[in-house]
Amino acid sequence: MGCQSNNATPPAPAIAPGVESIDPFRAAAEIGARGVDPRLPVLVPGFDAPFFQAGLAGYSDAAMRLVARRHGCPMCVTEALLDRTLLSGGRGFARADLGEIHDNVPGGREDHPLVGQIMGSDPETMADAAAAMIERNAQEHAGFEAIDVNLACPVRKIARKARGGHWLREPEGAIDILRAVREAVPSHIPTSVKLRRGSDDSPEAERNFLRIFDAAYDLGYAWTTVHGRTVEQKYVGPSRWTFLRDLVRRNPDRLIFGSGDVWRVEDVFLMLAYTGVHAVSVARGCIGNPWVFRQARDMMAGLPPRPPTLAEQRDALRAHFELSVSVNGEQAAGKMMRKFGIRFAQHHPRPEDVKRAFIGVTCTEEWMRALDAHYPTGDEAAAGVVHAVERA
Ligand SMILES: Cc1cc2nc3c(=O)[nH]c(=O)nc-3n(C[C@H](O)[C@H](O)[C@H](O)COP(=O)(O)O)c2cc1C
């Protein structure tokens, strides 16, 4: 699916020169005491903490978003939806390798604030898609608090036309898209853009990035989210936090969010403290790990990040499954939840056994059986709590 790739094994935490000297607990408490940049909740009501759930194609549907929110996530971004998919109501693009239309529909009253992300190849179509998204705001809880333009996705071009991160090689075309979308969206609705630090490591790529980055703010974009990898890198190798830090230093008045190599809750505060970004996008680090958001809020309150008990893991898995069934239908939910189950297993005292159990699942009944077998209720769960805490 779309922007996804090599996402199975979290590598060691990101290290940029000097990161190791930062105490994430101290940084979190300081950030907690200072509070979020006051512009964030003005732009997006409810955006009250300096982190959010990223768009994650194939994962971040309403079910994953709601579970994240119940664990303290203050804002979510949808996965990138191709403008043409949106305008066709999903028809004719069912096999597009990007977001499915139903994954980008807000999941009701609880699924806010929500930023809707779009991506495409043509300014007019992108503008129409942005306008169509905003039209949904007329219905209660069905709309978006902001529109994000994806200029970051590394998936190849379609029909020789640029889209996503491939626009970073064609800054004038990218700027045309940004302009068209900004003009199509009513001025009281913020627009933002997701970028990578360049198409590759060449000086020309950096110049192109800066050209688009500057133009975005000049056009009235409220913030940029910058992924510190290049398009060429896809998801391999480190996200360059030094790039983010320099960008923030050179642009002290602009709202800049950071992305890349946020695997553990500590990384949220290491990135904030090291780079100075105003908010951190949590991506692969929150798949099967909604507790990262609760832990981040705890750390901001000066509390240690607590690992989830087995009972909490069971509750989250069950809630995620039930939500996924209502969003995706039973058959698709079974498939989706297999990959989530594998990721949730990382918190279990016997992760390999749990992973094996979820990998073998083919239907809802088997999924529930795996859950019952490995996440017991009652007294057994109480014993499991001890295991989980001991392991942590
Ligand atoms: C499976 C997968 C799907 C993704 N889908 C999107 C997407 O739809 N929109 C987007 O802006 N970024 C997408 N990304 C990029 C992430 O939001 C994030 O920028 C990237 O994974 C770097 O952060 P990380 O190293 O902490 O995971 C995706 C990444 C992965 C691994």
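Above: the structure in question.
Worth saying up front: this structure is predicted, and the values here are computed from it rather than measured.

Looking only at helices and strands, the protein has 15 helices and nine strands in total. Going through the 392 residues of the protein one by one, you find that 58% of them count as buried. Taking as baseline every contact in the protein between residues at least 6 positions apart, the subset at least 24 positions apart corresponds to 70%. When the accessible area of the protein is evaluated, it comes to approximately 16,100 Å², of which 52% is carbon and sulfur surface.

With that settled, the discussion passes to the packing of aromatic side chains. How two aromatic rings sit relative to each other is set out by the distance from centre to centre and by the angle between their planes. For the structure on display, the rule yields 13 aromatic pairs. Between the aromatic rings of F209 and F213, the centroid separation amounts to 5.6 Å while the plane-to-plane angle is 20°, which identifies the pairing as stacked. Taken together, the residues F209 and F213, both in helix α7 (residues 203–218) and four residues apart, mark about one turn of the helix. Looking at F209, the relative accessible area reads 0%, which means it is buried. In this structure an aromatic cluster arises from ring pairing among F47, F52, W223 and F257. Over the ring of Y235 we find R196; its NZ or CZ atom is 5.0 Å from the centre of that ring. Of note, K339 hangs over the ring of Y59, and the distance from its end group to the ring centre comes to 4.5 Å.

Applying the stated criterion to the full structure yields 23 salt bridges. Between D200 and R169 there is a salt bridge, with the nearest N and O atoms lying 3.5 Å from each other. Within this pair, whereas D200 is found in the loop between β6 (191–196) and α7, its partner R169 is found in the loop between β5 (146–151) and α6 (171–184), the two being separated by 31 residues in sequence. As a salt-bridge pair, R356 and D353 come within 2.8 Å of each other at their nearest N and O atoms. With R356 and D353 both in helix α13 (residues 351–359) and three residues apart, this pair spans about one turn of that helix. Residue D353 is classed as partly exposed on the basis of its relative accessible area, which comes to 31%. Residues joined in a network through salt bridges with shared partners are R65, R69 and D111.

The interhelical angle for the contact between α7 and helix α8 (residues 241–250), taken along N-to-C directions, is 45°, at an axis separation of 14 Å. By the criterion of interaxial angle, the relationship of α7 to α8 is oblique. Where α7 crosses over α8, the handedness of that crossing is right-handed. Packed against α7, whose contacting residues are E206, F209, L210 and F213, the element α8 presents F243, L247 and R250 at the interface. A per-class count over the contact of α7 with α8 returns five nonpolar, no polar and two charged.

Criteria and cut-off values
- Residues numbered from 1 in each chain as written.
- Predicted model: local features only at pLDDT ≥ 70, side-chain atom pairs only at ≥ 80, totals over all residues.
- Heavy atoms only, no water.
- Helix = DSSP H or I, 4+ residues; strand = E, 2+ residues; numbered from the N terminus.
- Buried < 20%, exposed > 50% of the residue type's maximum accessible area, 1.4 Å probe, protein only.
- Contact = heavy atoms within 4.5 Å.
- Areas by Shrake-Rupley, 256 points an atom, 1.4 Å probe, with all protein chains shown as cover.
- Phe/Tyr/Trp six-rings, centres within 6.5 Å; stacked < 30°, edge-to-face > 60°.
- Lys NZ or Arg CZ within 6 Å of the ring centre and 35° of its normal.
- Salt bridge = Lys/Arg side-chain N within 4 Å of Asp/Glu carboxyl O.
- Axes fitted to C-alpha atoms, helices over the stretch in contact; angles between N-to-C directions.
- Parallel < 35°, antiparallel > 145°, perpendicular 65-115°, else oblique.
- Left-handed = near helix turned anticlockwise from the far one by under 90°.
- Nonpolar A, V, L, I, M, F, W, Y, C, P; charged D, E, K, R; others polar.

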